[in-house]
Amino acid sequence: MLADYCNGSMDPRLREELDEHLSRCEPCMAFTKTFRATCEETRKLREAIEYAIPDEVRKRLDLFVRSAALKYPEKVKEYRDQVERDRREKVTDLVGAAAAGQLSSAAALLMESHCAACPECSGYIDAFRNTGTPRGGDPPAGIRSHLIALMQALPPGEEFFLA
Amino acid sequence: MSAERWKDDEALLEDLRKGAPGAVAELFRLYQGKIFNLAMSILKNESDAEEATQDVFMTVIRKVGTFQGNSAFYSWIYRICVNTCLMRLRGKRRSETVSIEEFMPVFTDEGMHASPMDDWSKEVERDALNEELGRMIRKFTEELSEKYRVVFVLSDVEGLSNEETAKVLGLTIPAIKSRLHRARLYLREQLSRYLREGKAE
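Residue positions are given per chain, counted from 1 along the sequence in the order it is written. Chains and ligands are labelled by the order in which they are written, letters from A for the one and numbers from 1 for the other. pLDDT decides what is reported in this predicted model: residues at 70 or higher carry local features, side-chain atom pairs at 80 or more are listed and counted, and totals for whole chains, interfaces and linings draw on all residues regardless.

A.B. asks: Residue-level account of the overall build of chain B, with values.
C.D. replies: When you go through chain B residue by residue, the secondary structure sums to eight helices and zero strands. Starting at the N terminus, helices and strands are each numbered in turn, a helix being any DSSP run of H or I of at least four residues and a strand any DSSP run of E of at least two. Element order for chain B, N to C, with α for helix and β for strand: α-α-α-α-α-α-α-α. Classification of the 201 residues of chain B by burial places 36% in the buried group. In this scheme every C-beta is placed from the backbone, and a residue whose C-beta has 20 or more other C-beta atoms within 10 Å is buried, one with 12 or fewer is exposed, and one in between is partly exposed.

Listed below in structure tokens is the structure:
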């Protein structure tokens, strides 16, 4: 409440009441003023801050980051390949579980509402369900990106398949 | 956050994702001070903060490919920094912190302030006090327990909004507001005591 009062976002009627009380009550007035001064001093500190790092530390950090930067391109590639592989695997598992009716209730709900709006995905999964095999191997990129988004929409800690 | 900062971050993020030469150096240039200081304010120890800063840069570089863009780039980096530091703290003996309860305002049954209230708001406007007050605020902040300190540093020192701080720490906005308010109350009381003692001397 005090924060609202100090930054001016307080409801005007409440503000009036508080102003009225403050004008009659010296301790409260002193409290409010000093509270506001504290916030202002901190703000000044923030403006003056220059993010100093001791020179020695800066040199060591710089060296460290430089050596990290050299290895950076290969690392990035390695890491992205890994992520891509993981994603493909996950999507394949998801489609498999959907076709076999083994989705968890949260995932099934998401999948149902997505498929209702997306003929591409619903067509793919229906075909999988009817034939028992995925049409043309792994899902195409479009479907894959939809399904990744769908998995990411699951609440954290929730698995998409039934245990 | 200023528009310029935003543009810098966008371009930097793009370069990092492409693996552009110099991107890592630019990331380092823009964030080394902020990250090191944030780490310092949580860990309160230079060599710990240095190691934590290294870890933060490594994590940012490794994971930038998976950054979703759901939040601002800088708040994602802050989050990595806070998590890295808290993980480090967990393995350590807790350092001495003060109990914040001691510094909360006390009211009488009639709803009046129980302790005498000096109004020192005019005094601190004197320039001569500025530097000293800054030092005292830092010192008092360091004595806060990490629960309040991290929120206070992110909001009031780094200037993040309540929403951003909540995202960085994975807390609710009411929780942020309450911790922030208590930290400010604490600081007000500490400054009051400090200025009162100064006068008595």
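Additional details are given in the paragraphs that follow.
A.B. asks: Give a detailed account of helix α2 (residues 23–43) of chain B, specifying residues and quantitative values.
C.D. replies: All names here are of chain B. With 21 residues, α2 ought to run about 30 Å at 1.5 Å a step, and its terminal C-alpha atoms sit 28 Å apart, in line with that. Along its length, α2 reaches its greatest deviation from straightness, about 55 degrees, at tyrosine 31. Counted residue by residue, α2 has 15 buried out of 21 residues, so it is predominantly covered. Expected helix span is computed as 1.5 Å times (number of residues minus one). Axes are fitted to the seven residues ending at a residue and to the seven starting at it; the angle between these axes is taken as the bend at that residue.

A.B. asks: Break down the packing of α2(B) against helix α3 (residues 46–63) of chain B for me, with residues and values.
C.D. replies: Residues and elements named next belong to chain B. As a rule, the C-alpha atoms of each element are fitted with a line to give its axis, helices using only the stretch in contact, and angles between N-to-C directions run from 0 to 180 degrees. Running from N to C, α2 and α3 cross one another at 135 degrees; their axes reach a closest spacing of 9 Å. Considering the angle they form, α2 stands oblique to α3. Crossing handedness for the pair α2 and α3: right-handed. Residues Val24, Leu27, Phe28, Ile35, Phe36, Ala39, Met40 and Leu43 of α2 form the contact with α3, whose participating residues are Asp48, Ala49, Ala52, Thr53, Val56, Phe57, Val60 and Ile61. Of the residues assigned to the contact of α2 with α3, the class counts are 14 nonpolar, one polar and one charged. With respect to orientation, any angle under 35 degrees is reported as roughly parallel, any angle over 145 as roughly antiparallel, any angle of 65 to 115 as roughly perpendicular, and every other angle as oblique. Take the far helix as the reference: if the near one is turned anticlockwise from it by less than a right angle, the crossing is left-handed, and if turned clockwise, right-handed. Whether two residues are in contact depends on their C-beta atoms, placed from the backbone: they are in contact if these lie within 7 Å. In this classification, the charged set is Asp, Glu, Lys and Arg, the nonpolar set is Ala, Val, Leu, Ile, Met, Phe, Trp, Tyr, Cys and Pro, and all remaining amino acids, among them Gly, are polar.

A.B. asks: Describe in detail unusual backbone geometry, supporting the description with residues and values.
C.D. replies: All names here are of chain B. Residue lysine 44 is not a glycine yet carries a positive backbone phi of 60 degrees. In this structure, lysine 44 sits in the loop between α2 and α3. By the C-beta count within 10 Å, which is 16 here, lysine 44 ends up partly exposed.

A.B. asks: Please give an account of the confidence of the model for chain A that cites residues and values.
C.D. replies: Every residue is assigned a pLDDT by the predictor, reflecting its confidence on a scale from 0 to 100. Across chain A, the average pLDDT comes to 80, with 87% of residues at 70 or higher. Between the elements of chain A, mean pLDDT differs from a low of 72, seen in helix α1 (residues 2–7) of chain A, to a high of 87, seen in helix α5 (residues 105–117) of chain A.

A.B. asks: Break down the interface of chain B and chain A for me, with residues and values.
C.D. replies: Counting residues at the interface gives 41 residues for chain B, matched by 37 residues for chain A. When contributions to the side of chain B that touches chain A are tallied by element, the ones reaching two or more residues are α2, α3, α5 (127–143), α6 (146–157) and α8 (173–200) of chain B. When its residues are assigned to classes, the side of chain B that touches chain A shows 17 nonpolar, 15 polar and nine charged.

A.B. asks: Would you mind going over the nonpolar core in detail, with residue names and values included?
C.D. replies: Among the nonpolar cores identified, the biggest contains 51 residues, and Leu27(B), Ala39(B), Val60(B), Ile77(B), Tyr78(B), Cys81(B) and Val151(B) are the most heavily contacted of them. Among the elements of the structure, α1 (3–18), α2, α3, α4 (73–90), α5, α6, α7 (162–169) and α8 of chain B are those that each provide at least two residues to this core. Counting residues per element, this core draws most heavily on α2(B), which supplies 12 residues. Boundary definitions for the domains trace back to an automatic or database domain assignment. Mapping this core onto the domain boundaries places at least three of its residues in each of domain 1 (3–90) and domain 2 (100–200) of chain B. Those residues within four positions of Cys81(B) in sequence are excluded, and the remaining contacts are Ile35(B), Leu38(B), Ala39(B) and Val56(B). Remark: nonpolar core denotes a set of buried Ala, Val, Leu, Ile, Met, Phe, Trp, Tyr and Cys residues whose joining runs through C-beta atoms within 7 Å. Core analysis: the second largest hydrophobic core is formed by 15 residues, Ala98(A), Ala107(A), Tyr124(A) and Ile125(A) among them.

A.B. asks: So what's going on with the packing of α6(B) against α7(B)? Which residues, and what values?
C.D. replies: Residue and element names in this part refer to chain B. Where α6 meets α7, the axes come as close as 9 Å, and the angle between the chain directions of the two elements is 135 degrees. Between α6 and α7, the crossing angle belongs to the class labelled oblique. Handedness of the α6/α7 crossing: right-handed. Facing α6, whose interface residues are Val150, Val151, Leu154 and Ser155, α7 presents Asn162, Thr165, Val168 and Leu169.

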